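The primary structure of each chain is shown beneath.
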Amino acid sequence: MHKRTLAVLLGTILLLAVGSIGCAVTQLATRQSAVTVTPTRTPRPTWTRAGDVFQVATPTIDATRFPGAALTGVAASTAQVISPGQSGPIFVPVPQGGGVSVQTVVVVIVTATPQPPPTSTPGPPTMTPLPTETPGPPTATPTNTGTPLPPVTVRVKVDKANVRQGPSQLYPVVAKLDAGTNVTVVGRNRNGDWWKVCCVNGQDVWIADSVVDVSGPLWAVAEVINIPPPPPTAIPPPPTATRAPTPTFAWPFHVEGAVREYANPGNNYFRVDAVIYNGATPLYSYKLRICKTSTGQEWSSVGSQTSWMWYVLHGRDDGKDVNVPVECASATPPKGLICLKSNVKWDSNGVQVPLDDDVWEVTATDGAGKPVSTPIRITTSAANPKWYHIIFTSRP
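Reading the values: the criteria
- Residues numbered from 1 in each chain as written.
- Predicted model: local features only at pLDDT ≥ 70, side-chain atom pairs only at ≥ 80, totals over all residues.
- Heavy atoms only, no water.
- pLDDT = per-residue confidence, 0-100.
- Contact = heavy atoms within 4.5 Å.
- Helix = DSSP H or I, 4+ residues; strand = E, 2+ residues; numbered from the N terminus.
- Buried < 20%, exposed > 50% of the residue type's maximum accessible area, 1.4 Å probe, protein only.
- Polar contact = N/O pair within 3.5 Å; in protein donor to acceptor, adjacent residues only side chain to side chain.
- Disulfide = S-S within 2.5 Å.
- Core = buried A, V, L, I, M, F, W, Y, C linked by side-chain atoms within 4.5 Å.
- Pairing = 2+ DSSP bridges.
- Axes fitted to C-alpha atoms, helices over the stretch in contact; angles between N-to-C directions.
- Salt bridge = Lys/Arg side-chain N within 4 Å of Asp/Glu carboxyl O.

**Thoughts on the confidence of the model for the chain**
No. 1: The predicted model of the chain averages 76 in pLDDT, with 59% of residues at 70 or higher.
No. 2: Under a pLDDT of 50 for its full length, residues 25-42 has, in the predicted model, 23 contacts with residues more than four places off or in other chains.
No. 3: When the criterion is pLDDT under 50, residues 99-113 qualifies, and its contacts beyond four places in sequence or with other chains add up to 29 contacts.

**Quick look at unusual backbone geometry**
No. 1: Look at the link from C198 to C199: it is a cis peptide, with omega at -5°.
No. 2: The residue N201 is not glycine, and still its phi comes out positive at about 55°.
No. 3: By the element assignment, N201 lies in the loop between β8 (194-200) and β9 (203-208).
No. 4: When its relative accessible area of 64% is taken as the criterion, N201 is described as exposed.

**Remarks on the side chain of H389**
No. 1: By the secondary structure assignment, H389 is in strand β21 (residues 386-393).
No. 2: When its relative accessible area of 3% is taken as the criterion, H389 is described as buried.
No. 3: Within the structure, the side chain of H389 is placed 2.6 Å from the backbone oxygen of K341, a separation counted as a polar contact.

**What about the state of the cysteines?**
A covalent bond between the sulfur atoms of two cysteines is what we call a disulfide.
No. 1: Under the criterion given, the structure shown has two disulfides.
No. 2: The disulfide that involves C198 links it to C199, with 1.7 Å between the sulfurs.
No. 3: The class of C199 is partly exposed, set by a relative accessible area of 44%.
No. 4: Paired by a disulfide, C328 and C339 hold their sulfur atoms 1.9 Å apart. Residues C328 and C339 are joined through a disulfide that is left-handed, its torsion about the S-S bond being -55°. Taken together, the residues span a long stretch of sequence, with C328 in helix α2 (residues 324-328) and C339 in strand β17 (residues 338-342) at a distance of eleven residues.

**What to know about the nonpolar core**
No. 1: One finds W195, V197 and I207 to be the most contacted residues of the largest nonpolar core, which totals 23 residues.
No. 2: Looking at this core, the elements with two or more residues in it are β4 (153-156), β5 (161-164), β6 (173-177), β7 (182-188), β8 and β9.
No. 3: Here V197 is in contact with V154, V183, T184, V185, V186, Q203, D204, V205 and I207, once residues within four sequence places are set aside.
No. 4: F270, W346, W360 and I378 belong to the second largest nonpolar core, which has 22 residues in total.

**Some thoughts on the sheet that holds strand β19 (residues 358-365)**
No. 1: Sheet architecture is open: four strands sit in the order β15-β14-β19-β20, paired in antiparallel fashion. The sheet is open, and its two edges are formed by β15 (297-300) and β20 (376-380), each paired on a single side. Ignoring which end each strand starts from, the neighbouring axes of this sheet average 25° apart.
No. 2: As paired strands, β19 and β20 are joined by five bridges and run antiparallel to one another. In the strand pairing of β20, W360 is matched with I378.

**Notes on the pattern of salt bridges**
No. 1: Taken as a whole, this structure holds eleven salt bridges when the rule is applied.
No. 2: Between E223 and R190 there is a salt bridge, with its nearest N and O atoms 3.4 Å apart. You can see E223 sitting in the loop between β10 (212-215) and β11 (254-255) and its partner R190 sitting in the loop between β7 and β8, a full 33 residues away along the chain.
No. 3: Residue E223 is classed as buried on the basis of its relative accessible area, which comes to 11%.
No. 4: In this structure R190 comes out as exposed when scored by relative accessible area, which is 52%.
No. 5: A salt bridge links K292 to D356; its shortest N-O distance comes to 2.7 Å. With K292 in strand β14 (residues 287-292) and D356 in the loop between β18 (344-347) and β19, this residue pair connects regions lying 64 residues apart in the sequence.
No. 6: Overall, the relative accessible area of 4% leaves K292 in the buried class.
No. 7: Within the structure, one salt-bridge network assembled from shared partners comprises R188, R190 and E223.

**Regarding the environment of L313**
No. 1: Assignment of secondary structure puts L313 in strand β16 (residues 309-314).
No. 2: Judged by its relative accessible area of 29%, L313 falls in the partly exposed class.
No. 3: Spatially, the C-alpha atoms of L313 and Y262 are 8.8 Å apart, while their sequence positions differ by 51 residues.
No. 4: Residues in contact with L313, not counting those within four places in the same chain, are Y262, I338, C339, L340 and W387.

Written as structure tokens, this is what we have:
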């Protein structure tokens, strides 16, 4: 009795298990959409990485074990990709017509190949510090003494040239020099037509510019002042039968007339306006060289113009406006009108140098800065500032 009951119980359990398996297979087939399978014998696929995801192999059916079975639809030829966290189903094909089938689904987990650690780029080599030098005593800074100017010399160009005690034929003759004799210049007279030279018979003497050739920095030759008058016993040279030569100047330009001065109250700077012309026409590109003798500072003006610049120093007595280019240039200007004419100018205000009680030298130069006139000395007073006007001319 007990054995029969046990056998019945075991049979019942077996039937229930088989029924459960059948139901599970039937339900899976019901949920899976029907597909049409085509018999094929496909080798196991090769796997390629599809990013950092899971990839399911293309399903296959072993035709030797399941003859007549076939796969159809997408699942028959396409690998299924499952991303991490995906909750969708994996489709497993079943043989057409239902029934029990056995399939093996292979899931390949593709992992990212670890990246190699970054290789550090070597920096520049570490430099070994040089030994620190022990400083010695400081080197004395040499004093800039400037390049000395070469001497100015004269070379006698006529035979038996007279040298005298002073800058005039009224002074007695000291000696005669042969042509080709070189003598050093130590000074000049105001007009620049006589040179003081050293030395003849142990003393300074004078020689006329007309009988010598001069070389060197002429602008550096200082004017000799306080020249003693000729001795009363000096005998003037006898008149000659030939016509006296026209006086010439050692420089291409000389001052015409006197330096004019105009009051310039309230302005503590040195100003000079000049005319550089040939006696009628203003000349182009000549300059003024200005030297402040107390400091040795020198400046140059801009080049001269070929037209006149006019400055009204005093207006018309009737108070009317001045037609500057017409009335200032007129031979009969309106009553009271005073105009100043120039074609080059310079003032120390542009270089921030005060007037001071000082001596200034003004020299006309060509465009390259070579002197073409003797320096003109002007004494200034800070308490009584003035405006200066000079006319340089090449007219004899």
